[in-house]
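Chain and residue survey
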Amino acid sequence: MSYGNIVQLKPNHRLAPDTAHAVVAAQLRGESRAREDRPDVEVAAIAREIESLGLVPDQDELRRRYAAPSGLPEALATRLTE
């Protein structure tokens, strides 16, 4: 079970239902765009999709969910997810 949110929110704030659905869609797009079956690449791709919605991804929560090591160089993440 997951307890965190993959989007950074202020304390006691929640996403509106439409925004929550958009975040889930962004997560699925990011997963599908990751060209390698590596958790760090998936995390980078999902983070970019969330940012495209104008939201701030919670990198720590994404890494926890995908069991990804911290710190994939941005240039490499971009190449692997474009």
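What this report covers is the structure whose coordinates are included nearby. (Residues numbered from 1 in each chain as written. Predicted model: local features only at pLDDT ≥ 70, side-chain atom pairs only at ≥ 80, totals over all residues. Heavy atoms only, no water.)

Description of the overall build of the chain
Counting its secondary structure elements, the chain contains 4 helices and 0 strands. Helices and strands in the chain line up, N terminus first, as α-α-α-α. The long-range share in the chain, meaning contacts at least 24 apart out of those at least 6 apart in sequence, stands at 66%. Of the roughly 5400 Å² of accessible surface on the chain, a fraction of 51% belongs to carbon and sulfur atoms. (Helix = DSSP H or I, 4+ residues; strand = E, 2+ residues; numbered from the N terminus. Contact = heavy atoms within 4.5 Å. Areas by Shrake-Rupley, 256 points an atom, 1.4 Å probe, with all protein chains shown as cover.)

Concerning helix α1 (residues 17–33)
Between its first and last C-alpha atoms α1 spans 24 Å; for 17 residues at 1.5 Å apiece the expected length is 24 Å, and the two agree. Residues of α1 that are buried sit in contact with α2 (39–52) and α3 (59–66). (Expected span 1.5 Å × (residues − 1).)

Overview of the pattern of salt bridges
For the coordinates displayed, the defined rule picks out 6 salt bridges. The salt bridge partner of Arg29 is Glu49, with a shortest N-O separation of 2.8 Å. Within this pair, whereas Arg29 is found in helix α1, its partner Glu49 is found in helix α2, the two being separated by 20 residues in sequence. Under the relative-accessibility criterion, Arg29 is labelled partly exposed at 30%. For Glu49, a relative accessible area of 9% gives the class buried. Notably, a salt bridge pairs Glu61 with Arg64, separated by 2.6 Å at the nearest N-O pair. Highlighted residues: Glu61 and Arg64, both in helix α3, separated by 3 residues, approximately one helical turn. Exposure remark for Glu61: the relative accessible area of 8% places this residue in the buried category. A single salt-bridge network, built from bridges that share partners, covers Arg29, Arg33 and Glu49. (Salt bridge = Lys/Arg side-chain N within 4 Å of Asp/Glu carboxyl O. Buried < 20%, exposed > 50% of the residue type's maximum accessible area, 1.4 Å probe, protein only.)

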